[in-house]
Amino acid sequence: MLATTLPLRLHFLSPKLILRPPLFPVHFRHTPTKTLINPRGGCNKQLFCSMSDSMDSSSPTSKDVKLSVHSITDDLKNQRLSEENKVKLKLEDLKWDHSFVRELPGDPRTDTLPRQVFHACYSKVSPSVEVENPELIAWSESVAELLDLDPKEFERSDIALKFSGASPLEGGLSYAQCYGGHQFGTWAGQLGDGRAVTLGELLNSRGERWDLQLKGAGKTPYSRFADGLAVLRSSVREFLCSEAMHGLGIPTTRALSLVTTGKSVTRDMFYDGNPKDEPGAVVCRVAQSFLRFGSYQLHASRGKDDLDIVRTLADYTIKHHFPHIENMCKTESLSFSTGMQGTSVVDLTSNKYAAWVVEVAERTASLVASWQGVGFTHGVLNTDNMSVLGLTIDYGPFGFLDAFDPSYTPNTTDLPGRRYCFANQPDIGLWNIAQFSSTLAAAELITEEESNYAMERYGTKFMDHYQSIMTRKLGLLKYNKQLVNKLLNNMAVDKVDYTNFFRLLANIKADASISEDELIVPLKAVLLDMGKERKEAWISWVKAYIQELAASEIPDEERKVAMNSVNPRYVLRNYLCQSAIDMAEQGDYEELHRLLKVMERPFEEQPGMEKYARLPPAWAYRPGVCMLSCSS
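Cut-offs applied
- Residues numbered from 1 in each chain as written.
- Predicted model: local features only at pLDDT ≥ 70, side-chain atom pairs only at ≥ 80, totals over all residues.
- Heavy atoms only, no water.
- Buried < 20%, exposed > 50% of the residue type's maximum accessible area, 1.4 Å probe, protein only.
- Helix = DSSP H or I, 4+ residues; strand = E, 2+ residues; numbered from the N terminus.
- Pairing = 2+ DSSP bridges.
- Polar contact = N/O pair within 3.5 Å; in protein donor to acceptor, adjacent residues only side chain to side chain.
- Contact = heavy atoms within 4.5 Å.
- Axes fitted to C-alpha atoms, helices over the stretch in contact; angles between N-to-C directions.

Where do I start with the pairing of strand β7 (residues 209-215) in this structure?
On a regular strand, one side chain projects to one face of the sheet and the next to the other, so that they alternate. With respect to burial, β7 is a largely interior element, seven of its seven residues being buried. In β7, alternate side chains face the same way, and those of R209, D211, Q213 and K215 on one face and W210, L212 and L214 on the other are all buried. Here seven bridges tie strand β6 (residues 196-203) to β7, and the two strands are oriented antiparallel to one another. When the bridges of β7 are listed, E201 appears paired with D211. Between β6 and β7, which pair antiparallel and follow one another directly, the connecting turn spans five residues, one of which, G207, has a positive phi of 80°. The pairing of β7 with strand β9 (residues 276-287) spans five bridges and is classified as antiparallel. Bridge pairing in β9 links Q213 to R285.

As structure tokens, this is what we get:
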């Protein structure tokens, strides 16, 4: 448990906080985030107007029109040239580096016998999954582009063998990572990659470092009593949600490919003594690093002999993934008063590890705020599922909010205490940062003051980012706490669909003369079966909201474009996943492909795809759809 923590006084948190209050206050200089209406992916009004003006037949000369046409032609030509000049490599020509294996201590053994692995960050293992006529059923073109991989490679006859792990990638060097973690608040000791094998580390033409990892590729020393395999059901969910989160603009691991193995895997999905055979599958995950909080925790937990590994691993991480920290200098003046007795100061330029833990804390805070903004619940926020790069990692029993419920958890294992429910995610993020910073303190890389400062930064960064997100979701220029509090309370009382509500909210007009009977008409699709009292509550809120809109003086159409650029039309609801899974298990992958395409552009209106924004049907609330177990 924490020695010192920062209570996050969030308006949607449950009364029973997980964290204890701080032992002392921490003060520092801080510039609040400035919120602007910035349409992401929407039209640029100024550019649109200027283009419209130039096309007015009464104003331009024929010369102007010709110049305009030539300009557009040149742009298209440059775009084509850019496409042609992109690096497109065959699998055999990928640029491997393998710094993780080269620079960090490894396990001297290469067998996959389940065991405790000491004094090592990884074990060299090869995929051992058995296949029978494996089939590539989906792949991401944008991820292939990240790797400079030619799309034509996915037409190869051996592509399914390569990305199932049955046939090695030329130049790869595979391993399983060794790490530990807190699971549901309790230290679990060694965990590690029990069903994931990293194929190696690539450098692309832009100098970016990318790890390729197969999930479901067979046993490793960290598999414990499990088989190291994955079923199609969970693999479809991981593949789709990785790409859906990227489409939403939320940091995440990515998914390159999804392959069926042609073999069955036995799973007891509900732990009720009724196991059944399911189709096996393998996902190729991609990230700049799969390092987790638990990667450092395990070595610190093993005492004095392994504390040097914490430093070595921290040095490696900063060198390859936070190089700007390595290059900081005193002139950057990153020093802060902690507010303790005396003149205690945290100087981030004098200790790179302190600067690093602060950045990890801030990235984590921004990530969690982004989840809250789109109504995403991770479901298993153990410290071994927390990326040091601030990525969403390890998609198990995740869920996007349908009916707004702050206590929602998609994880059946989490039901007794709802530790990882939607409302608790901000506090859990801080709890996990506390465990991470205490690990670095145990290795004497940071001081107690620096650890406390990192946690303070988490709280401040979270609130700044969350308030900015909610302000933009409402189409306002500044955050209105009372308005947001009342809105979320109303949504919780009436179980309003989270995604569709905010999308429809953009249709409200900033017109105080609209009659009460008409005020909530734009929201009628989500405000269902309300009595007089609840209708009055919503009318009252909409009136206050319109007053705020009028004060901002943003034209309705301009505000709508801005709001639609941050409030998605489509999110990967669990029932949509299940529909794709049901069809895929019958050998039909068309729904999987359609859903992938829809989720790649979640903010856009996509004609013909309206069904993917519908409220969940009754069957969506059955076990195995709305909620899953940790092992799913």
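Structure shown, so let's carry the discussion forward.
Sorry, what's going on with the side chain of S174 here?
Structurally, the position occupied by S174 is in the loop between α5 (159-162) and β3 (176-177). Classification of S174 as buried rests on a relative accessible area of 17%. From its side chain, S174 meets the backbone oxygen of V125 in a polar contact 2.5 Å long. Apart from residues lying up to four places away in sequence, S174 is in contact with K124, V125, S126, P127, V197, T198 and L199.

Explain the sheet that holds strand β8 (residues 254-267) here, please?
Whether parallel or antiparallel, the strands of a sheet pair through hydrogen bonds between backbone atoms. With antiparallel pairing, the five strands of this open sheet are ordered in space as β2-β8-β9-β7-β6. In this open sheet, the two edge strands, each paired with only one partner strand, are β2 (135-139) and β6. In this sheet, adjacent strand axes meet at a mean angle of 20° when their direction is disregarded. Of the strands in this sheet, β2 and β8 are in contact with helix α19 (residues 590-600), which crosses β2 at around 25°.

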